[in-house]
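# Structure assessment
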Amino acid sequence: MTRSLRFGLVGTGYWARITHAPALAATDGIEFAAVWGRNANAAAGLAARYHATAYQDLPEFLAGVDAVAFAVPPDVQAPVAIRAARAGKHLLLEKPAALTVADADALADAVQQAQVASVVFFTARFQADVRAWEAEVTAAGGWAGGCAVWLGSALQPASPFNTPWRQDNGALWDLGPHVISLLWASLGPVRSVTAQAGLADVTHLILRHDSGVTRTATVTLSAPASAELTDLFLWGQAGRTAAPAQASDPVAPLRTALAELAANARSGQLSHPCDARFGRDVVRILADAQRQIGAHPWPGRNSG
Ligand SMILES: NC(=O)c1ccc[n+]([C@@H]2O[C@H](COP(=O)([O-])OP(=O)(O)OC[C@H]3O[C@@H](n4cnc5c(N)ncnc54)[C@H](OP(=O)(O)O)[C@@H]3O)[C@@H](O)[C@H]2O)c1
């Protein structure tokens, strides 16, 4: 019988608690073995709930696992993931892979050099209904354009996602990765982006795919809960088709991502449609959009 792959979790925040920990504990072929967090009490509490071991020392944590799942801000994730890859650990990364092209390049290079498996958790790309929709879209072809609107409320004071890295970077870096990574296979890679900033953290993107198809996306985290909306559709010869709704339970797609990562780690098949190299390609588009809208697109963005 194949030995379970021992996973460690980096991060002990809300997302780690409600999604990563339960998914790690409920995926076949995986043992949730360790937790590392800068807050010793939070790491001990989360580890105890799952009969895992809490660590404060990163090398000790890495020594006890085969693979690492990340639930920390992207600028924290990238350098730790590079260390983990160099230590030979397979990587379940969060989106965005990094906040700079330099960090995303270094991470993709470290993964390539260490020959470890990697998956970036672009949630919708691991939803069964979205995968079926993307396959239908690819088969139908003839698309002329598309439109996405994602009005999120994560920056409202009561949201558990109102975290410092989102306050600093806004919807472009939080929701942008989801929107950009969708349809990458169906319409061809996103070749270029044109970006314009609106009020608050509102960002408008025009994405041009390799196939020549263009689509627009409007994203924000500053909407009131009463205005929340997630909508993405394509139109063309076959009429109009809308992407399935966002998964109400992110644990299921994360289990799929973990299972695919574990299968690749075992088989030595290291490339994946959502691997660290793809994560780097998405960061390049995000960074180009950020360059166009400037470093500080909205007043009071660091006010918390
Ligand atoms: N795929 C999805 O649909 C989805 C959904 C939600 C979130 N995410 C991703 O999950 C990641 C975490 O998001 P989040 O909202 O949970 O972020 P967060 O609350 O800002 O950070 C969560 C964890 O990171 C730790 N942390 C923050 N700064 C750190 C530092 N400098 N050094 C070490 N640890 C640090 C926090 O520690 P403390 O508790 O000590 O502050 C906490 O344990 C992000 O990449 C986000 O994009 C993905």
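Structure shown above.
Each value, and the rule that gives it
- Residues numbered from 1 in each chain as written.
- Predicted model: local features only at pLDDT ≥ 70, side-chain atom pairs only at ≥ 80, totals over all residues.
- Heavy atoms only, no water.
- Helix = DSSP H or I, 4+ residues; strand = E, 2+ residues; numbered from the N terminus.
- Rg over C-alpha atoms; globule rule 2.2 N^0.38 Å.
- Buried < 20%, exposed > 50% of the residue type's maximum accessible area, 1.4 Å probe, protein only.
- Contact = heavy atoms within 4.5 Å.
- Areas by Shrake-Rupley, 256 points an atom, 1.4 Å probe, with all protein chains shown as cover.
- Lys, Arg positive; Asp, Glu negative; His and termini not counted.
- Charge placed at Lys NZ, Arg CZ, Asp CG, Glu CD.
- Core = buried A, V, L, I, M, F, W, Y, C linked by side-chain atoms within 4.5 Å.
- Pairing = 2+ DSSP bridges.
- Salt bridge = Lys/Arg side-chain N within 4 Å of Asp/Glu carboxyl O.

What follows is about the overall build of the protein. Along its length, the protein carries eleven helices and twelve strands. The C-alpha radius of gyration of the protein comes to 19 Å, within 12% of the 19 Å expected for a compact globule of 304 residues. Of all 304 residues assigned to the protein, the portion counted as buried reaches 52%. A separation threshold of at least 6 residues defines the contact pool for the protein, and within that pool the share at least 24 residues apart is 70%. Taken as a whole, the protein presents about 13100 Å² of accessible surface, with 52% of it coming from carbon and sulfur. Here the protein holds 23 positive side-chain charges and 24 negative ones, and the gap between their average locations is 2 Å.

With that settled, the discussion passes to the nonpolar core. Membership of the largest hydrophobic core comes to 100 residues, with the highest contact counts inside it found for F7, F70 and L92. Counting residues per element, this core draws most heavily on helix α11 (residues 276-293), at eight residues. Those residues in contact with L92 that sit more than four places away from it in its chain are F7, H20, V68, A69, F70, V119, F121, L254, A257, L258 and L261.

In this section: the pairing of strand β7 (residues 143-151). The side chains of a regular strand alternate, first on one face of the sheet and then on the other. Bridge analysis of β7 against strand β11 (residues 229-236) gives eight bridges, and the strand direction is antiparallel. Of the residues in β11, the one forming a bridge with W150 is T230. Summarising the sheet, β7 and strand β10 (residues 214-220) pair through seven bridges and their orientation is parallel. Across the sheet, the residue bridging to L151 is T220, located in β10.

A few words on the pattern of salt bridges. Summed over the entire model, instances satisfying the criterion amount to 13 salt bridges. Measuring nitrogen to oxygen at the nearest pair gives 3.9 Å for the salt bridge that ties R284 to D281. Here the residue R284 and the residue D281 both occupy positions in helix α11, the gap between them amounting to three residues, near one helical turn. Where D288 meets R291, a salt bridge forms, and the shortest distance between an N and an O atom there is 2.5 Å. Here D288 and its partner R291 are both found in helix α11, three residues apart, which amounts to about one turn of the helix. Under the relative-accessibility criterion, D288 is labelled partly exposed at 25%. Relative accessible area serves as the criterion here: at 59%, R291 is assigned to the exposed category. Among the charged side chains, a salt-bridge network with shared partners connects D105, R280, D281 and R284.

Turning to its location among the elements, D103 is positioned in helix α5 (residues 101-114). A relative accessible area of 28% means that D103 is categorised as partly exposed. For the pair formed by D103 and P79, sequence separation is 24 residues and the distance between their alpha carbons is 7.5 Å. Among residues more than four places away in sequence, those in contact with D103 are A78, I82 and A98.

This part is about unusual backbone geometry. Following K95, the chain continues into P96 via a peptide bond in cis, with omega recorded as -15°. For H51, which is not a glycine, the phi torsion comes out positive at approximately 55°. Located in the positive-phi region is A200, a residue other than glycine, with phi close to 50°. You can see A200 is positioned in the loop between β8 (190-197) and β9 (203-209).

With that settled, the discussion passes to the pairing of β8. With seven bridges connecting them, β8 and β9 associate as antiparallel partners. Across the sheet, the residue bridging to T194 is I206, located in β9.

Mapping T12 onto the fold places it in the loop between β1 (5-10) and α1 (14-25). A relative accessible area of 13% places T12 in the buried class.

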